[in-house]
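Chain by chain, the residues:
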Amino acid sequence: MIDLIKILSSAGSAVVVCHIRPDCDALGAALALKDIALRLDVPCDVLVDGEMPAAYRFLPHSECVNASRKSRYGLCIAVDCGDVTRMGRYSGYIRSCASSVNIDHHKTNNGFAKVNVVRVDASSTCQILYKLVRDSGMMSAQAAVCLYAGLSTDTGNFMHSNTTAEVLYTAAELVERYGVDPNKITNSLYRSKTREKTALMGRAIQSMRFYDDGICVVTITQQDLSETGCTVDDTEGLIDLAMDMADTRIAICVTEQTRPQYKVSFRSKGYDVSRAAAMFGGGGHTVAAGCMLSGYYEDVIEKLLRSVRI
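Residues numbered from 1 in each chain as written. Predicted model: local features only at pLDDT ≥ 70, side-chain atom pairs only at ≥ 80, totals over all residues. Heavy atoms only, no water.

With that settled, the discussion passes to the pattern of salt bridges. Should the charged atoms of two oppositely charged side chains come close, the side chains can pair. A full pass over the atoms with the stated rule returns 13 salt bridges. Between Asp 213 and Arg 309 there is a salt bridge; the shortest N-O distance is 2.7 Å. One end of the pair, Asp 213, is in the loop between β6 (209–210) and β7 (215–220); the other, Arg 309, is in helix α12 (residues 297–309), and 96 residues separate them in sequence. Classification of Asp 213 as partly exposed rests on a relative accessible area of 29%. The class of Arg 309 is partly exposed, set by a relative accessible area of 45%. Residues joined by salt bridges that share partners form a network here, namely Arg 134, Asp 135, Glu 173 and Arg 177. (Salt bridge = Lys/Arg side-chain N within 4 Å of Asp/Glu carboxyl O. Helix = DSSP H or I, 4+ residues; strand = E, 2+ residues; numbered from the N terminus. Buried < 20%, exposed > 50% of the residue type's maximum accessible area, 1.4 Å probe, protein only.)

This is the structure:
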């Protein structure tokens, strides 16, 4: 196990980079590191190639995301990035910094940093990070909120198959040791949908295509986003509407980007969808993966169906 606190404290300055279109696990880990860096008196910036999602602005230090950027840092920490390309326009920091750390849980991670902490058996990057800093004396209530939120979202609020005993012990410690309020975080994460997001959920349900072999395809178009007043960030979690149905074995959410490109998310109840995502240059986990795909819509759907039927 690496001494992350020693690496961070001796860096002089640090940058933490999330993946493109960051989820709560990436942001939770990044903002927890920001909090720890503050306690160590180490200048630290948090960067993401894109906007800070409004849904996660309740996280401590969220106002710091993309607030400042330097040309050089002593240390770069990539969080929740399956490969260096997921860092987007900030991937160069991995090469330019004297030290670099890669903390991740994707099985497709190829160990792109000087120091790599990749645990494919972990539910989330936040779970890995907590283990790295648990006994350091640098944890705070604010960092605990960030880590608990990431732990919750990457386990589907402790409902997915990656909810292990270690996950539950970690959540319990964050509550007991640091006073995390599970109800408050649950309300912020799952009970704060806007009317616009609710309207988009309706569009998602109306779009569903069902197949006899337990596959459900959800489609969100640019028109759907425009007419409901939503952004691409609001599509997060829509795939769970399909997964919540008893007869869904595999769910695929197809979100139109700039034509003719589509962002694709896969979920399953056991089938290895990372293999399907890999066919199109994507990746992820056994039951949750994603990729980008270009082409005419019906051709894209046909390719996706074929990929999960192999």
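Our next topic: the side chain of Asp 104. Note that Asp 104 resides in strand β4 (residues 99–104). Arg 86 is the oppositely charged side chain nearest to the buried, salt-bridge-free Asp 104, at an N-O distance of 8.3 Å. Side chain to side chain, Asp 104 and Asn 109 meet in a polar contact 2.8 Å long. Ignoring anything within four residues of it in the chain, the contact list for Asp 104 reads Asp 80, Cys 81, Gly 82, Asn 109, Val 117, Val 118, Arg 119, Thr 125 and Ile 128. (Lys, Arg positive; Asp, Glu negative; His and termini not counted. Polar contact = N/O pair within 3.5 Å; in protein donor to acceptor, adjacent residues only side chain to side chain. Contact = heavy atoms within 4.5 Å.)

As a further point, take the sheet that holds β7. Strand order in the open sheet formed by six strands is β6-β7-β8-β9-β11-β10, and the pairing between neighbours is mixed. Both edges of this open sheet fall to β6 and β10 (283–284), since each of them pairs with a single strand only. In this sheet, strand β11 (residues 288–294) lies alongside β10 in antiparallel orientation, the contact comprising two bridges. Among the inter-strand pairings, Gly 284 is bridged to a residue of β11, identified as Ala 289. On top of the sheet, helix α8 (residues 195–207) reaches β6 and β7; it is set at about 135° to β7, its chief contact. (Pairing = 2+ DSSP bridges. Axes fitted to C-alpha atoms, helices over the stretch in contact; angles between N-to-C directions.)

A separate point is the sheet that holds β4. The five strands are arranged β2-β1-β3-β4-β5 in an open sheet whose pairing can be described as parallel. At either margin of the open sheet sits one strand with a lone partner, and together these are β2 (44–47) and β5 (115–118). Sheet twist, expressed as the mean angle between neighbouring strand axes with direction ignored, is 15°. Pairing analysis gives four bridges linking strand β1 (residues 14–17) to strand β3 (residues 75–79), with the strands arranged parallel. Its bridge partner being in β3, Ala 14 is matched across the sheet by Leu 75. Of the strands in this sheet, β3, β4 and β5 are in contact with helix α4 (residues 125–133), which crosses β4 at around 125°.

For the coordinates displayed, the defined rule picks out four aromatic pairs. Ring geometry for Tyr 90 versus Tyr 93: centroids 6.3 Å apart, planes at 20°, classification stacked. Taken individually, Tyr 90 and Tyr 93 each receive the classification buried, so the pair is uniform in this respect. (Phe/Tyr/Trp six-rings, centres within 6.5 Å; stacked < 30°, edge-to-face > 60°.)

The next point concerns the packing of α4 against helix α6 (residues 165–178). In the contact formed by α4 and α6, the axes pass within 11 Å of each other and the chain directions differ by 60°. Comparing their axes, α6 and α4 come out oblique. Where α4 crosses over α6, the two elements pack in a sense that is left-handed. Seen from α4, the contacting residues are Gln 127, Tyr 130 and Lys 131; seen from α6, they are Glu 166, Val 167, Thr 170, Glu 173, Leu 174, Arg 177 and Tyr 178. In terms of residue class, the contact of α4 with α6 is made up of four nonpolar, two polar and four charged. (Parallel < 35°, antiparallel > 145°, perpendicular 65-115°, else oblique. Left-handed = near helix turned anticlockwise from the far one by under 90°. Nonpolar A, V, L, I, M, F, W, Y, C, P; charged D, E, K, R; others polar.)

A word on the side chain of Thr 235. Mapped onto the fold, Thr 235 is located in the loop between α9 (222–228) and α10 (239–243). Owing to a relative accessible area of 8%, Thr 235 belongs among the buried residues under this scheme. Discounting residues that sit within four places of it in the chain, Thr 235 has contacts with Leu 200, Ile 220, Leu 225 and Thr 255.

Although it is not a glycine, Asn 66 adopts a positive phi angle of roughly 60°. The residue Asn 66 is located in the loop between β2 and β3 in this model. For Asn 157, which is not glycine, the phi dihedral falls at a positive 55°. With relative accessibility at 26%, the residue Asn 157 sits in the partly exposed group.

In short, geometric facts, not functional conclusions.
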